[in-house]
Amino acid sequence: MLFGCTLSDVGVSNEKWQCVGRICDISFNLENRAHNQIDAHVAIRAHRRYSVEGSEAWRNEVISEVTEVVSLQPSEKRRIERKLKVLTRPDNVVVSAWIST
């Protein structure tokens, strides 16, 4: 499992994901660390890792992705739950959040 977060004014934590069939349930905490309202851009990406034929190299491919903007009040922390459709089971899911400047 690999998860990420960006910029200090918005944080992602306590990420969990589970896939059954072609649907993945993803949940995570999104936190506004600032003292003003923010619009956090959130991206959830499911990745599949595969070997390159005839080589010892591996590649990482995004197999599904969803993005959205979440408004958070000053110092608000919210549990977010989303569903993500996939064609095949991912090897990892990455949640990223940032604030556009």
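Up top is the structure.
Fair warning: this is a prediction, and the values are worked out from it, not measured in the lab.

Analysis parameters
- Residues numbered from 1 in each chain as written.
- Predicted model: local features only at pLDDT ≥ 70, side-chain atom pairs only at ≥ 80, totals over all residues.
- Heavy atoms only, no water.
- Phe/Tyr/Trp six-rings, centres within 6.5 Å; stacked < 30°, edge-to-face > 60°.
- Lys NZ or Arg CZ within 6 Å of the ring centre and 35° of its normal.
- Salt bridge = Lys/Arg side-chain N within 4 Å of Asp/Glu carboxyl O.
- Helix = DSSP H or I, 4+ residues; strand = E, 2+ residues; numbered from the N terminus.
- Buried < 20%, exposed > 50% of the residue type's maximum accessible area, 1.4 Å probe, protein only.
- Contact = heavy atoms within 4.5 Å.
- Pairing = 2+ DSSP bridges.
- Core = buried A, V, L, I, M, F, W, Y, C linked by side-chain atoms within 4.5 Å.
- Disulfide = S-S within 2.5 Å.

If you walk through the whole model with that rule in mind, you get 0 aromatic pairs. Here the guanidinium or amino end of arginine 49 rests over the ring plane of tryptophan 58, the centre of that ring lying 4.3 Å away.

Taken as a whole and judged by the stated rule, the model has 5 salt bridges. A salt bridge links aspartate 25 to lysine 83; its shortest N-O distance comes to 2.5 Å. Here lysine 83 lies in strand 5 (residues 77-85) and aspartate 25 lies in strand 2 (residues 23-32), a separation of 58 residues in the sequence. The closest approach of N and O atoms between glutamate 61 and arginine 48, which form a salt bridge, is 2.6 Å. With glutamate 61 in strand 4 (residues 58-72) and arginine 48 in strand 3 (residues 38-51), this residue pair connects regions lying 13 residues apart in the sequence.

Structurally, lysine 85 is set in strand 5. Classification of lysine 85 by relative accessible area gives exposed; the value is 67%. The spatial distance from the C-alpha of lysine 85 to the C-alpha of histidine 47 is 12 Å, given a sequence separation of 38 residues. Among residues more than four places away in sequence, those in contact with lysine 85 are Arg22, Ile23 and Ser64.

Our focus in this paragraph is the pairing of strand 2. Judged by how many residues are buried, strand 2 sits mostly within the fold: 7 of 10 residues are covered. Remark: 2 residues form the turn of the hairpin made by strand 1 (residues 10-20) and strand 2, two consecutive strands paired antiparallel; glycine 21 in that turn has positive phi of roughly 65°. In this sheet, strand 5 lies alongside strand 2 in antiparallel orientation, the contact comprising 9 bridges. Note that in strand 5 the partner of asparagine 29 across the bridge is arginine 79.

The next thing to look at is unusual backbone geometry. Even without a glycine there, the phi angle at asparagine 14 is positive, about 50°. Along the chain, asparagine 14 falls in strand 1.

Turning our attention to the nonpolar core. Grouped together as the largest cluster of nonpolar side chains are 23 residues, with contacts concentrated most on Ile26, Phe28, Leu30, Val42 and Ile44. Breaking this core down by element, the ones donating at least two residues are strand 1, strand 2, strand 3, strand 4, strand 5 and strand 6 (92-98). With 5 residues, strand 3 is the largest single contributor of residues to this core. The contact partners of leucine 30, leaving out residues within four places of it in the chain, are Val10, Gly11, Val12, Ala40, Val42, Val70, Leu72, Glu76, Lys77, Arg78, Ile80 and Ala97.

With that settled, the discussion passes to the state of the cysteines. Applying the stated criterion across every chain, the model contains 1 disulfide. The disulfide bridge from cysteine 19 ends at cysteine 24, spanning 1.9 Å between sulfur atoms. With the S-S dihedral at roughly 95°, the linkage between cysteine 19 and cysteine 24 falls on the right-handed side. By relative accessible area, which is 0% here, cysteine 24 ends up buried.

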